[in-house]
Amino acid sequence: MKIAVAGAGALGGRVGIQLHESGVDVTLIDRWEEHVNAINEKGMEVHTEDKVYQVPVKAKLLEDIDESYDLIIILTKAMYAEDMLQALYEKNSIHAETAILTMMNGLGHGDRLAKYVSKDRIYLAVTMWTAGLKGPGQIVLTGSGGIQIQRADGIASKMTEEINDIFNTANLNSIISRDVQHSIWAKATLNSVLNPLCSILDKRIGEFAAYGAVIEMITPIIEEIIEVAGARGVNLDFDASLEKIKAAFPDSAAGLHYPSMHQDLAKGVQTEVDYLNGKISEYGKEYGIKTPNNDMITHLIHQLEMKNH
Ligand code: NAD
């Protein structure tokens with residue numbers, strides 16, 4: 001199977017090199033010229049806790065793409081996914097059978113991708129793998145993770161099994177989910193609480209958690225998300241959602257880290273807030289559910305984004 005990872009930053013880099021190392025024909029596609037050139041000149045430089053090594057994975061600039069793929073894994077930041085797909089579509093990289101898999105954080109990706117291919121060719125994935133970028137052509141990999149996948153229409157298929165097998169051969173610890181939407185929403189709940197609040201407050205997750213009334217503070221945000229999720233047919237449990245967030249608090253978990261949104265604001269790039277709290281507000285309006293906390297968080301992050309420009 002010919003695979004492309006479209007959006008080959010930190011996480012795309014991780015998935016791409018693991019697929020390459022397992023013998024898959026994989027191409028990393030990106031618009032970032034310096035990054036693509038560095039990968040092609042000396043391979044992707046991978047930094048782990050105990051070693052640095054090069055992986056000679058193929059990389060191409062989006063404008064140089066002249067082939068089609070059987071599976072395209074979208075790992076741009078959420079706001080650039082449609083641009084990427086539109087460009088790949090115009091370059092005939094999406095053939096009649098091409099499957100598109102999204103592993104991006106946030107909500108609503110299946111519906112957005114359905115503008116390009118039908119839902120029986122869209123795969124939704126959620127991952128607990130992490131990765132960082134050190135510079136052009138350099139990624140930092142720590143810890144381990146896993147992937148859950150399901151076809152967007154919820155129907156089992158041979159292709160789902162093939163993708164799952166390919167991911168497992170690449171040691172990406174994949175399972176086929178029977179309800180990936182639940183996992184996507186559960187992760188989006190965590191991200192919609194910790195990402196914006198630590199960014200607004202300029203705090204590491206552990207510093208944020210040290211506030212005595214932190215549970216009282218985050219409860220209304222979670223409650224809004226649960227109500228909106230319910231209207232969309234996803235049944236999130238409050239206690240489980242809270243436990244998932246609390247599990248990130250200790251230093252041994254994510255306590256010492258700033259969430260990725262904080263890093264995006266520090267770098268002066270746009271955040272994914274519109275696919276987290278912003279999407280909750282948007283769905284809330286659609287279903288007549290008031291979401292004042294998520295509305296305000298979205299505005300605050302947009303204000304912080306403006307500071308960067
Ligand atoms: P990333 O910022 O590392 O890469 C995304 C895109 O930005 C790539 O196309 C990359 O080339 C480009 N980019 C990054 N730095 C650039 C620079 N200095 N100049 C020009 N272009 C640059 O994003 P990511 O962390 O890989 O995230 C991709 C998706 O995966 C997002 O939806 C994210 O929420 C999700 N995700 C990430 C992680 C993680 O640990 N990184 C974990 C789970 C989910």
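None of the values given here were measured: they were computed from a predicted structure.

**Details of the packing of helix α6 (residues 180–201) against helix α12 (residues 292–307)**
The description of two helices packed together rests on the angle between their axes and the distance between the axes.
Phase 1: Two elements in contact, α6 and α12, have axes separated by 10 Å at closest approach and are oriented at 50°. Judged on the interaxial angle alone, α12 and α6 are oblique. Considering only the axes of α6 and α12, their crossing is left-handed. Where α6 approaches α12, its residues Pro196, Leu197, Ser199 and Ile200 are matched on the opposing element by Ile297, Leu300, Ile301 and Leu304.
Phase 2: For the contact of α6 with α12, the per-class residue count stands at seven nonpolar, one polar and no charged.

**Examining the site of the ligand**
Phase 1: Residues in close proximity to the ligand total 18 residues, the closest being Ala10, Leu11, Asp30, Ala131 and Glu272.
Phase 2: Ala131 is positioned with one of its backbone polar atoms (N or O) 2.9 Å from an oxygen atom of the ligand.
Phase 3: If the ligand stood free it would expose 790 Å²; the protein chains cover 76% of that surface.
Phase 4: Class assignment for the residues of the shell around the ligand results in eight nonpolar, six polar and four charged.

**Quick look at the packing of helix α8 (residues 214–231) against helix α9 (residues 238–246)**
Phase 1: One can describe the packing of α8 onto α9 by two numbers: an axis separation of 10 Å at closest approach and a directional angle of 130°. In this view, α8 runs oblique relative to α9, as classed from their interaxial angle. Like other packed secondary-structure pairs, α8 and α9 cross with a definite hand, here right-handed. Contacts from Ile215, Ile218, Thr219, Ile222, Glu223 and Ile226 in α8 reach Phe238, Ser241, Leu242, Ile245 and Lys246 in α9.
Phase 2: Partitioning the contact of α8 with α9 into residue classes produces seven nonpolar, two polar and two charged.

**Re unusual backbone geometry**
Phase 1: Positive phi, close to 55°, is recorded for Asn92, a residue that is not glycine.
Phase 2: Note that Asn92 resides in the loop between α3 (81–90) and β7 (94–102).

What counts, and at which threshold
Residues numbered from 1 in each chain as written. Predicted model: local features only at pLDDT ≥ 70, side-chain atom pairs only at ≥ 80, totals over all residues. Heavy atoms only, no water. Axes fitted to C-alpha atoms, helices over the stretch in contact; angles between N-to-C directions. Helix = DSSP H or I, 4+ residues; strand = E, 2+ residues; numbered from the N terminus. Parallel < 35°, antiparallel > 145°, perpendicular 65-115°, else oblique. Left-handed = near helix turned anticlockwise from the far one by under 90°. Contact = heavy atoms within 4.5 Å. Nonpolar A, V, L, I, M, F, W, Y, C, P; charged D, E, K, R; others polar. Near = heavy atom within 4 Å. Polar contact = N/O pair within 3.5 Å; in protein donor to acceptor, adjacent residues only side chain to side chain. Areas by Shrake-Rupley, 256 points an atom, 1.4 Å probe, with all protein chains shown as cover.

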